[in-house]
Each structure stands twice: as C-alpha cells, then as structure tokens.
Amino acid sequence: MNYFQFAIRNIMRYKKRSIVTIMTVSLGFTALGVLGGFLNNIFSRLKGQAIVAERLGHLTFAKSGFKENGKLEPEKYLWNKKELTDILGVLRNDPSVDLATPRLRMFGVTSNGKASTIFITEAIVSADDQKLIKTNVDGRTEVDGLITLNSKKGESSDVIIGSELASMMKIGKGQNITLLTSTKDGIANALDVKVVESYNTGNPATNDKFVLSDFSMAQDLYDTDGAERVVVTLKEPDKIKETKEVLLAKLKSAGYQLEATTWEDQSASYKKVTTLFGVIFRVLTIIISVIVLLTVTNTMQMVVTERTKEIGTMRAIGMLKNQVIKLFCTEGLIMGILGCLAAAPVLLIISTILRVSKITFTPPVASVPVPLVMITNPVNIVVIFLLFCVVAVVSSFLVSRKIANQLVVDSLMQSN
Amino acid sequence: MVQEVIAKTKLISFEDITKTYQLDTQKVHALRGVTFDIGKGDFIAIAGPSGSGKSTLLNLLTLIDTPTKGRIRYNNVDVDTLSDNEKTLFRNKQIGIVFQSYNLIPVLNAMENVAFALQVQSVSTAESLDRAAQMLKEVGLGTHLRHRPSNLSGGQKQRVAIARALVTNPSIVIADEPTAALDTKTGMEILDLMKELNEHKRTTFVFSTHDVRIINSVDHVIQIEDGRLIN
Ligand SMILES: Nc1ncnc2c1ncn2[C@@H]1O[C@H](COP(=O)(O)OP(=O)(O)OP(=O)(O)O)[C@@H](O)[C@H]1O
Ligand SMILES: [Mg+2]
C-alpha cells in the first residue's frame, strides 16, 4: 500500500466531500481558463490591429533618434534615395525578413471645400501593403474587412480614409478631398486626392484622421525621393527581439546606425490594455485561489476531524507526523489534479460553443467588433494547473499539520 | 547471552509515576505514584474499577502520553529523553498496541491493515503483505485475508488487530480492554490466543480488563484502585 493508493481509497471513501473539493478546484480552473482565454483573444486581436490594421508590421527601422525627435525635425531623419536603396537591400536580403517596405508619414489639414480637419497620412507601397495585410498573426491571416490601395489602377492619387473622417467630412466613394501639408523644406503644398474607400481603422484615436496614401504620391507631396522609415515583417515573429538586434548589427556594418522599434513599443493602446487586463487577471486569480483554498480547507477540515481517531491509530502504530501530513497532502494533490482534469472538457465545450455561435464584441480601445472566442495559451493552462495543485496541497497541509501535531492520546480519545 | 538474561529480568520499569489531568479548574489525579517492573515474557493483566487509572497507565506504557512526574525506562533507556519521532519509531519496532474498539483502518483489508505496521517503517510492500498473511494465519484468520474490517465480526477484527500488533515482532504487546467489546466466549478465545502467542513467541503481554473470568485465569494481575497499586 503506497501513499497514492491509500490516498485514492480515502478519496473514494468520502465521496461527497471529495466531489465538493474536486468541483471547487474545477470551477476555479474553469473560471480562470475562460477568463484567460478571453483575455488572450483580446490581446491577440489588438496585436493584429497593431501589426496589420495600423500597418506597424513587426519592426520599424529609422534613423537613430527618429522616435524622439522625428516629429520636430522630420527632414533630418529622411533618407535619400541611395540610403533607402541600401537599407532596403540589406533588409530584403536577410532570410529572417518576410517584407521590408518604405514609409512616409505626413500631417496636415484636409478639406472638402467647405470644412477642414486635421489628417495623418501613412504612405504605403501598395504592392507591399497587399502582402502586409495578409501577415499571419497568431494563426490568423485576415483582419476583417481590411483593405488597401490597388496600384494596378495606376492612380497614385487614390486614398483610403478612416470611416469617421469620411462621415465627418461627408465624403463618399469617388469624391475628392484636398490634402494641405508642407514639403520637407517647409514649403506649403496641396494635392487633390480621390477617396476610393473608407474603413474603420479599429482605433478610435485614428479613425477620424487617418488617410492611407500611395508612397510615390507622398514622395511628390513631400518633395523627396527617399523615405523616413522602413517597416519590416518577420518570418518568425516570436524571435522579434533577437532578430531586431541581428538586423541592426547588419545595417550597422553596412554603414547605417539605425534604431528599430517593435510594434509593441509603438502601439500605446496595446501596452495599456494588456497591462490593465494583466493586473485585473492577476487580482482575480488571487481572489479565486483564496476562495478555492478556503473551500477546500473547509471540506478537508471536516474529513480530517472525522478521521482524527484513525490518525491517532496510525500515529500509535508508528506513522510519523510528517508521514501523516504527506498522506493528506497526497489526497489534496490528487483531488487538485482531478479538479483541473475535470475542468478541461468544460473549457473545451465552452470554447466550442463560443466558436460555433459566432458571438462578437468590441474590445476596449478598438472600434471593430471581433469574435468572442477563447484563445487557450498552454503556458497559462499549465500555470493555472500548478496553481490549483499547490492550493489543494496547501489546504491539506494546513489542516493535517494541526492534527498530526496533536498528542497521539488526544487523537485517539476522539469519539466516533 | 548476558544481555538476554538482563532483558529477561527487566523490560520496563515505572518509577513513582504520577499523572494528573487538569479538568477546568479541578485537578484529576489519575495515577498517584505508581512503581512496578515488567519482565520480558510476562503476561500481565491490569485490573481495577472504572476510573481507577488503567487506561492512563497503559497510555504511558505505549508512549502515546507522558507522565506528570516519575520516570519510565524501557531496556534501561529513559523514554523521556526520546523525541516525538524517536518515540514513534520505538513504538513501531518495540511495542504492539491493541485497542478496545480494534481501530482498524476501514479502507484497508485485513492483510493491508496488518502490513501497514510494517510499511510505515519502510518494509517493502511485497514483504509486508507476505508477513501480514503469515501473521493472520497464526491468529486463525488465514481465510479472511482480503476482508475489509466492515465485513469482519468483532472477534475477527480483534484478531486482525492482534496480528497487526505482533507483525513487527515487538518485545511487548499492550492492550487496553481488548475483550471488552466482545462477548464472553469470544473474549476468552482472544485471551487464549494472547496466551498462546505469549508462550510461543515469548512476547510480553500487558492488558487491562474488567472481566472477572479473565482475571481469574491469569497468573500475574496488577490491581489498581484510585491511581494506586494494591498488592
Ligand atoms: N484526558 C483526560 N482529562 C481529564 N481527566 C481524565 C482524562 N483521562 C482520564 N481522566 C480521568 O482519570 C481517571 C483515570 O481514568 P482512566 O481512563 O485511566 O480509568 P480506567 O481505569 O481506564 O477506567 P475505565 O475502566 O472506565 O476505562 C478518571 O478519573 C478519568 O476521569
Ligand atoms: Mg479505560
């Protein structure tokens, strides 16, 4: 008779209480599993939003200092044609790079002839952007309804604008707007462009000012043949940190001292949301663990009280205090494991129902509804699993330690 | 040889043992200075009226309780110097305990209950079960090895308990009213079994009893009354 078998038999003996313990752990596990699944989904959608919809790609390369001072003195951070060609060459030749595409960003005022408002334009190379919007994010390749410019039409003055901007300006498909901005040298410049489409950028902060424009048009408007940034997507986005360093080093040996920022560093909303929800999740984890701990301790207490005389007998026969505690901890551990295992099919069912029922919701800091599904992260599941096993063992430990330390004669006196 | 002679003469000595319980504000004097020796191979009944201190005395003998005053020596070792773990291991190896209400572990069958005493001192499962089965045969339960306690009669349960007490080859078996829960006939059978084991294995037996018939059939009886020995 080893501890495991002995523990199993005792668990079977107090069926009702064991079921209460197992169910408690199971409920806690399910709650955290579902919550964690939702959060992972939100995080993943926001990630897709940042990488694809906001066109951040995985990495953005620019001249050192661009991130800090690029807005103040944009002309200082502009590459000329040769520099851009060199840099694109280095990046595109690297096996870890999936796509490297030049970018320009300009700010200004847009007008429909009657009203005007501010705009930001991100100038993209349409062929590259076709590829970028198909970037795989956590196994998904499409962000719903995402569109880009189609260069094959050869209309470099086509733009796509944010849906909120379109409705503010009362601009429909095919209508023209004027973009007022300045060249790199600060000379005012204006251009009439045709709105071919409007779409929800997914971010309320940009949806009312965003203009997606053609790169070569933007070069004309800005009076440059270079670019200020190169956006890169990677074949292995999980290795973003290492790849970033490798690429920077390669560029440096080609004579370019650049800075690179990850999509995460650039997307303020992603960081805020994940930090906030991370904290909420941790607090809930603690609360749920405490509830599980108290409930399991309570049921364990009943079992241990009922078995006090038996514990006295085992101690009298020659079982050491530690062995008694070990026995109860084994019982707790087994019930903890069973509780977690019992939760697995429940999680699977909930996850399947959500996937099939196609419910959508709008996550915070986003304005596009996304499917309400769970994305189960194996690491999270393992952590929750270990957590509840520890909780169950701690409950058993606390309860059995008291009885094990009691005088054997007192345990034996217990009448039942 | 010399050691054996010494051991035979004296296994345990109680030197002026006092046990006082504190019940709320009242002191209960369960034992008031008890002195006696137990020799190896003895077969001793402790008799006395209810509340006279029999259980108290046996609990001190089994080292599950400690005296308020006085010294208990096992093989000349002062047990007061032992730690809790040392006492537990000593009990496991040297003392077999039989309880009035059997105290078998309900989830274990007869053989496993007996083997349990060996397994806690880390004898392998296979060997423990082997020795347990052998011991159960010796107490006449060879056909009930796999019965759970709930499927055994009182007498059978007490046989299992005796087997459990003996399986570790202890130098002494201590039993608090081992026959009190049994009918007279079964009680006498249990007594005969203990006598037989005492004669065969030279295991020392100390037990308490109320039963006049048992007292009359035992040579060595310690009479206790109001916490004092009388004889
Ligand atoms: N844990 C305790 N706390 C307080 N008093 C106790 C305790 N255990 C025993 N006593 C008292 O000590 C005295 C001796 O009790 P003990 O149980 O040793 O008697 P006994 O001879 O075994 O009696 P019985 O034949 O009824 O079993 C009694 O007065 C009893 O009430
Ligand atoms: Mg008694």
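Structure report, in brief. Counting restarts for each chain: residues are numbered from 1 in the order of the written sequence. Written order decides the labels, with chains lettered from A and ligands numbered from 1. Only residues with pLDDT of at least 70 get local features here, since the model is predicted, and only at 80 or more are side-chain atom pairs given and counted; chain-wide, interface and lining totals rely on the full set of residues. Side-chain numbers here rest on the full set of heavy atoms in the structure, without hydrogens or water.

**Side note on the sheet that holds strand 1 (residues 12-23) of chain B**
Residue and element names in this part refer to chain B. Note the following rule: Whether two strands pair depends on DSSP finding at least two bridges between them. Numbering goes from the N terminus for both helices and strands, where a helix is a DSSP run of H or I of at least four residues and a strand is a run of E of at least two. Contact between two residues is taken to exist if any of their heavy atoms lie within 4.5 Å; hydrogens are not considered. Angles here are taken between N-to-C directions and fall from 0 to 180 degrees, while the axes themselves are lines fitted to C-alpha atoms, restricted in helices to the stretch in contact.
Read across the sheet, four strands follow the order 2-1-4-5 without closing on themselves; strand pairing throughout is antiparallel. With one partner strand each, in any of the chains shown, strand 2 (26-38) and strand 5 (77-78) form the two edges of the open sheet. Across 10 bridges, the pairing between strand 1 and strand 2 is antiparallel. Of the residues in strand 2, the one forming a bridge with Ser13 is Asp37. Along the sheet face, helix 2 (residues 54-61) touches strand 1, strand 2 and strand 4 (69-74) and points at about 120° away from the line of strand 1.

**Thoughts on the interface of chain A and chain B**
The following threshold applies: The buried area of a pairing is the accessible area, by a 1.4 Å probe, that goes missing from both parts when the two are put together, added over both. Each reported salt bridge corresponds to a side-chain nitrogen of Lys or Arg within 4 Å of a carboxyl oxygen of Asp or Glu. We define a polar contact as two N or O atoms separated by no more than 3.5 Å, with the added condition that, inside protein, one atom must be a possible hydrogen donor and the other a possible acceptor, whereas residues neighbouring each other in sequence contribute only through side-chain atom pairs. Polar here means any residue outside two lists: the nonpolar Ala, Val, Leu, Ile, Met, Phe, Trp, Tyr, Cys and Pro, and the charged Asp, Glu, Lys and Arg; Gly therefore counts as polar.
Listed per partner, the contact involves 22 residues of chain A and 26 residues of chain B. Buried surface at the junction of chain A and chain B, both sides included, amounts to about 2200 Å², of which 63% is carbon and sulfur. On inspection of chain A and its partner chain B, the count reaches three salt bridges. In this structure, the connection of chain A to chain B is made through 11 residue pairs in polar contact (both at pLDDT 80 or more). Those elements that place two or more of their residues in the side of chain A that touches chain B are helix 1 (3-13), helix 11 (308-317), helix 12 (321-357) and helix 14 (408-413) of chain A. The element that contributes the greatest number of residues to the side of chain A that touches chain B is helix 11 of chain A, accounting for seven residues. Considering only residue class, the side of chain A that touches chain B consists of 12 nonpolar, four polar and six charged.

**Quick word on helix 13 (residues 378-405) of chain A**
One turn of an α-helix holds 3.6 residues; hence residues three or four places apart share an orientation. Residues and elements named next belong to chain A. So the rule is basically this: Helix span, as expected, comes to 1.5 Å for every residue beyond the first. Partly exposed describes any residue whose relative accessible area lies between the buried limit of under 20% and the exposed limit of over 50%, with all areas from a 1.4 Å probe on protein chains only and scaled to the type maximum.
Under the 1.5 Å per step criterion, the end-to-end length of helix 13 is 40 Å for 28 residues, consistent within 8% with the ideal 40 Å. Of the positions making up helix 13, those classed as buried are Ile384, Phe388, Cys389, Val391, Ala392, Ser395, Ser396, Val399, Ser400, Ile403 and Ala404. Looking at the buried side of helix 13, the elements it contacts are helix 2 (15-53), helix 10 (268-306), helix 11, helix 12 and helix 14. Put simply, Asn377 is the residue that caps the front of helix 13, since its side-chain oxygen is 2.9 Å from the backbone nitrogen of Val379.

**Re helix 2 of chain A**
All names here are of chain A. The end-to-end C-alpha distance of helix 2, which contains 39 residues, comes to 54 Å, matching closely the 57 Å that a straight helix rising 1.5 Å per residue would cover. The element helix 2 is extensively covered by neighbouring structure, given that 28 of its 39 residues are classed as buried. Remark: Arg55 follows helix 2 within two positions and exhibits a positive phi of approximately 60°.

**Structural notes on empty space enclosed by the protein**
Basically, it comes down to this: Whether a set of points on the 1 Å grid over the protein atoms alone is a cavity depends on a 1.4 Å probe fitting there but being unable to get out, while an open set qualifies as a pocket with protein on both sides within 12 Å along at least five of seven lines; lining residues are those with an atom within 4 Å of a point. Grid points are joined across faces, edges and corners, and a volume is the space filled by probe spheres set on the points.
Counted by the stated rule, this structure contains four cavities of 30 Å³ or more. A volume near 90 Å³ is recorded for the largest cavity. For the largest cavity, the full set of lining residues is Ala316 and Ile317 of chain A together with Arg91, Asn92, Ile95, Gly96, Ile97, Ala117, Arg164, Ala165 and Thr168 of chain B. At the level of secondary structure, the elements contributing two or more residues to the lining of the largest cavity comprise helix 11 of chain A together with helix 3 (84-94), strand 6 (95-98) and helix 6 (154-166) of chain B. Among the elements that line the lining of the largest cavity, the one with the most residues is strand 6 of chain B, at three residues. By residue class, the composition of the lining of the largest cavity is six nonpolar, three polar and two charged. Within this model, the second largest cavity holds a volume of roughly 70 Å³. Within the residue set of the lining of the second largest cavity, elements represented by two or more residues are helix 1, helix 2, helix 10 and helix 12 of chain A. Looking at side-chain class alone, the lining of the second largest cavity contains five nonpolar, four polar and three charged residues.

**Quick look at the pairing of strand 2 (residues 97-111) of chain A**
All names here are of chain A. Of all 15 residues in strand 2, 11 are buried; the element is thus mostly enclosed. Here strand 2 runs beside strand 8 (residues 229-234); their pairing, made up of six bridges, is antiparallel. Bridge pairing in strand 8 places Ala100 opposite Val232. Relative to strand 3 (residues 116-124), strand 2 runs antiparallel, the two sharing eight bridges. Paired with Val109 across the strands is Ile118, a residue of strand 3. In this antiparallel pair of consecutive strands, strand 2 and strand 3, the connection spans four residues, and Gly113 shows a positive phi of 100°. Sheet analysis places strand 2 next to strand 5 (residues 176-182), joined by three bridges and oriented antiparallel. Looking at the pairing, Val109 lines up with Leu180 of strand 5.

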